[in-house]
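What follows is each chain in one-letter form.
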Protein chains: 2
Amino acid sequence: MSNIIITIGRQFGSGGREIGEKLASSLQIGYYDKKLIELSAKKSGLAQSLLQDQDEKVTGSLLYSIVTGNMVGGSLATVNSVPISDRLYTAQSELIEEVSKTESCVIIGRCADYVLRDNPDIRLLSVFIHAPLDQRIKRGVEKYGIEPDNAKKTLERTDKKRAHYYSYYSDRKWGDVTNYDLSLNSGLFGIDGCVEVLADVVNQMKSGVL
Amino acid sequence: MSNIIITIGRQFGSGGREIGEKLASSLQIGYYDKKLIELSAKKSGLAQSLLQDQDEKVTGSLLYSIVTGNMVGGSLATVNSVPISDRLYTAQSELIEEVSKTESCVIIGRCADYVLRDNPDIRLLSVFIHAPLDQRIKRGVEKYGIEPDNAKKTLERTDKKRAHYYSYYSDRKWGDVTNYDLSLNSGLFGIDGCVEVLADVVNQMKSGVL
């Protein structure tokens, strides 16, 4: 039977990552989040520390090339370098394709839903997790130690980066309901509730009910 | 225990209405769709046939008032009529509040999620159903007898009206993932699959698991 790949897009502070981890653990399948960076570093030949900083970010191609001296001949016409964010995206996308061939798994972010959208060899369940702002702020402060005074700004900035990354590489709108097979408000269901709903759905997909 | 109200927003041709009907039947709870028109007619004192035509539409207030002669004194400054669409919205909103006090039920469209958003006396499950365009066209042609050549346009026009109606009265964006507690792609799960997922969630809400 085809592997089931659960991709999870998430608003910052919604608990999407934790839901993904617990879901993978409950289903006893693979889990890919930042681990993709480590694997991508090996694949692309770039230092992991460099890639870490570029994760789910878009680097303004031309400006970045100039600043980092990644230009040949110093002329705009002869730019032949590929920005690190693009290299990382390519390496991660290839890895996502490879991993999905090998095993059922959960993949967090990184446009995985878009990368796998037309793959006929897998069963894709594209998920998005969101929550009301006040609950995300609370989680951000408690869980990630974000300054309460700047919490709203930090959340919005992170989501803006994710949205930009997603739309840059996928040409879709991040958080548009039609991109996702299943979206959940973790503010209503809680972390464990979301895991329960998702595990039920995946188990029903596995057994052929869904 | 508080009534559980399941509101369902839906793309045209996604099967949202049918899912709602089957869900209500499976849970043995009330179902409100066009029935709200009949009840609203009684409430507002307007003819049902007139309201039917205004359902989930916004009437350009001033122009509509002029065309239908709903102006007093013939002067723009003395317009004191309320457009029929606004009267219908008000009557429907009051009914939605009343019904939600009385019984657990499924309500299709009509900004019910927005009307009930801050109601502390109920448990609200706000749902959105969508599906890929090709599947919605197929359903529109087979189920509603839409002309295949115009199907895409018909779908888009209907969704545009729903989106406009929703944003006009709610000040939210129709189809924005964050408005809904649970969104499903009926193209992946099928009509019965969506009913199954939703019934499971509601039953878990009832039993206190969610």
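Below is a short write-up of the structure.

1. Observations regarding the sheet that holds strand E2 (residues 30-32) of chain A
Spatial strand order, E2(A)-E3(A)-E1(A)-E4(A)-E5(A)-E5(B)-E4(B)-E1(B)-E3(B)-E2(B): 10 strands in an open sheet with mixed pairing. Of all the strands in the sheet, the pair left with one neighbour each is E2 of chain A together with strand E2 (30-32) of chain B. Each strand axis lies, on average, 20 degrees off the axis of its neighbour in the sheet, ignoring direction. Across three bridges, the pairing between E2(A) and strand E3 (residues 105-108) of chain A is parallel. When the bridges of E3(A) are listed, A:Tyr32 appears paired with A:Ile107. Sheet strands in contact with helix H9 (residues 186-206) of chain B are strand E4 (122-130) and strand E5 (182-185) of chain A together with strand E1 (3-10), strand E4 (122-130) and strand E5 (182-185) of chain B, and its direction is about 155 degrees off that of E5(B).

2. With respect to the environment of A:Ser126
Residue and element names in this part refer to chain A. Within the secondary structure, Ser 126 is located in strand E4. For Ser 126, a relative accessible area of 2% translates into the label buried. It is 5.1 Å that separates the C-alpha atoms of Ser 126 and Asp 181, two residues lying 55 residues apart in sequence. With sequence-adjacent residues up to four places away left out, Ser 126 is seen in contact with Thr 7, Asp 113, Asn 179, Tyr 180, Asp 181 and Leu 182. A polar contact of 3.3 Å, which involves the side chain of Ser 126, links it to the backbone oxygen of Asn 179.

3. Focus: the interface of chain B and chain A
Facing 25 residues of chain B, the contacting portion of chain A comprises 25 residues. Both faces combined, the contact of chain B with chain A buries some 2000 Å², and carbon together with sulfur accounts for 64% of it. The interface formed by chain B and chain A holds zero salt bridges in total. In this assembly, chain B and chain A are joined by 11 residue pairs in polar contact (both at pLDDT 80 or more).

4. Side note on the nonpolar core
Judged by nonpolar contacts, the single largest core of 52 residues is most densely connected at A:Ile6, A:Leu184, B:Ile6 and B:Leu184. Not counting residues up to four positions away in its chain, the partners in contact with B:Ile6 are B:Leu23, B:Leu27, B:Ile29, B:Cys105, B:Val106, B:Ile107, B:Leu125, B:Val127 and B:Val202. Residues A:Ile5, A:Ala112, A:Leu116 and B:Leu36 belong to the second largest nonpolar core, which totals 46 residues.

5. Digging into the environment of A:Ser14
Residues and elements named next belong to chain A. Structurally, Ser 14 is set in the loop between strand E1 (3-10) and helix H1 (16-27). Setting aside residues no more than four positions away along its own chain, Ser 14 makes contact with Ile 19, Ile 129, His 130, Ala 131, Arg 136, Arg 139, Ser 186 and Ile 191. Here the side chain of Ser 14 touches Gly 16 through a polar contact of 3.5 Å, landing on its backbone nitrogen.

6. Looking at the relation of the copies chain B and chain A
For the match of chain B to chain A, the screw axis carries a shift of 0.0 Å, the RMSD comes to 0.0 Å, and the turn is 180 degrees. What the rotation and shift describe, once combined, is the action of a two-fold rotation axis. Of all interface residues in chain B, 100% are interface residues in chain A too; the two copies therefore contact each other through one and the same surface.

Definitions and limits used
Residues numbered from 1 in each chain as written. Chains lettered and ligands numbered in written order. Predicted model: local features only at pLDDT ≥ 70, side-chain atom pairs only at ≥ 80, totals over all residues. Heavy atoms only, no water. Pairing = 2+ DSSP bridges. Helix = DSSP H or I, 4+ residues; strand = E, 2+ residues; numbered from the N terminus. Axes fitted to C-alpha atoms, helices over the stretch in contact; angles between N-to-C directions. Contact = heavy atoms within 4.5 Å. Buried < 20%, exposed > 50% of the residue type's maximum accessible area, 1.4 Å probe, protein only. Polar contact = N/O pair within 3.5 Å; in protein donor to acceptor, adjacent residues only side chain to side chain. Buried area = accessible area lost by both parts, 1.4 Å probe. Salt bridge = Lys/Arg side-chain N within 4 Å of Asp/Glu carboxyl O. Core = buried A, V, L, I, M, F, W, Y, C linked by side-chain atoms within 4.5 Å. Least-squares fit on C-alpha atoms with pLDDT ≥ 70 in both.

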